Amino acid sequence: MHYDEPKDSKEMWARIDAEAEELRTRRTPLYVHKRIMDSIPDDLYSKREPWYTKRMNVGVVVGVVVVILSLAAGIAIGKLL
């Protein structure tokens, strides 16, 4: 038997209820809440653009086109053989 274990189940459930009530009423301290809220940017979603309206880098576009053409050439050569 554990040294801190209650003797009967009535006492055990009363203790569990008291601890649960204490945890239910526990709140985040105000200074922690303020620090969390201050670290979140106010305009987090206002500056986001959809992916299709953003300007694309020419190098990325060329890379994608090269990959697609290489795949197509590989498939064409594979069918010929």
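Residues numbered from 1 in each chain as written. Predicted model: local features only at pLDDT ≥ 70, side-chain atom pairs only at ≥ 80, totals over all residues. Heavy atoms only, no water.

## Topic: the overall build of the protein
The condition that has to hold: Strands are runs of DSSP state E lasting at least 2 residues, helices are runs of H or I lasting at least 4, and numbering of each runs from the N terminus. Only protein chains enter the accessibility calculation, which uses a 1.4 Å probe; a residue whose area is less than 20% of its type maximum is buried, one above 50% is exposed, and one in between is partly exposed.
A count of helices and strands for the protein gives three helices and zero strands. Moving toward the C terminus, one meets the helices and strands of the protein in the order α-α-α. Counting all 81 residues of the protein, 1% fall into the buried class.

## Remarks on the pattern of salt bridges
Definition in use: A side-chain nitrogen of Lys or Arg and a carboxyl oxygen of Asp or Glu constitute a salt bridge if their distance falls within 4 Å.
Going through the model one piece at a time under the given rule, you end up with four salt bridges. Its salt-bridge partner being Glu 19, residue Arg 15 comes within 3.7 Å of it at the nearest N-O pair. With Arg 15 and Glu 19 both in helix α1 (residues 9–24) and four residues apart, the pair spans about one turn of that helix. Among the residues examined, Glu 19 registers a relative accessible area of 43% and is labelled partly exposed. Between Arg 24 and Glu 21 there is a salt bridge; the shortest N-O distance is 2.8 Å. Here Arg 24 and its partner Glu 21 are both found in helix α1, three residues apart, which amounts to about one turn of the helix.

## Looking at the environment of Ser 70
Here is the rule: Side-chain atoms alone can form a polar contact between residues adjacent in sequence; in general such a contact is a pair of N or O atoms within 3.5 Å, and within protein one must be able to donate a hydrogen while the other accepts it.
Among the secondary structure elements, Ser 70 is positioned in helix α3 (residues 58–80). Overall, the relative accessible area of 45% leaves Ser 70 in the partly exposed class. Only 2.8 Å separates the side chain of Ser 70 from the backbone oxygen of Val 66, close enough to count as a polar contact.

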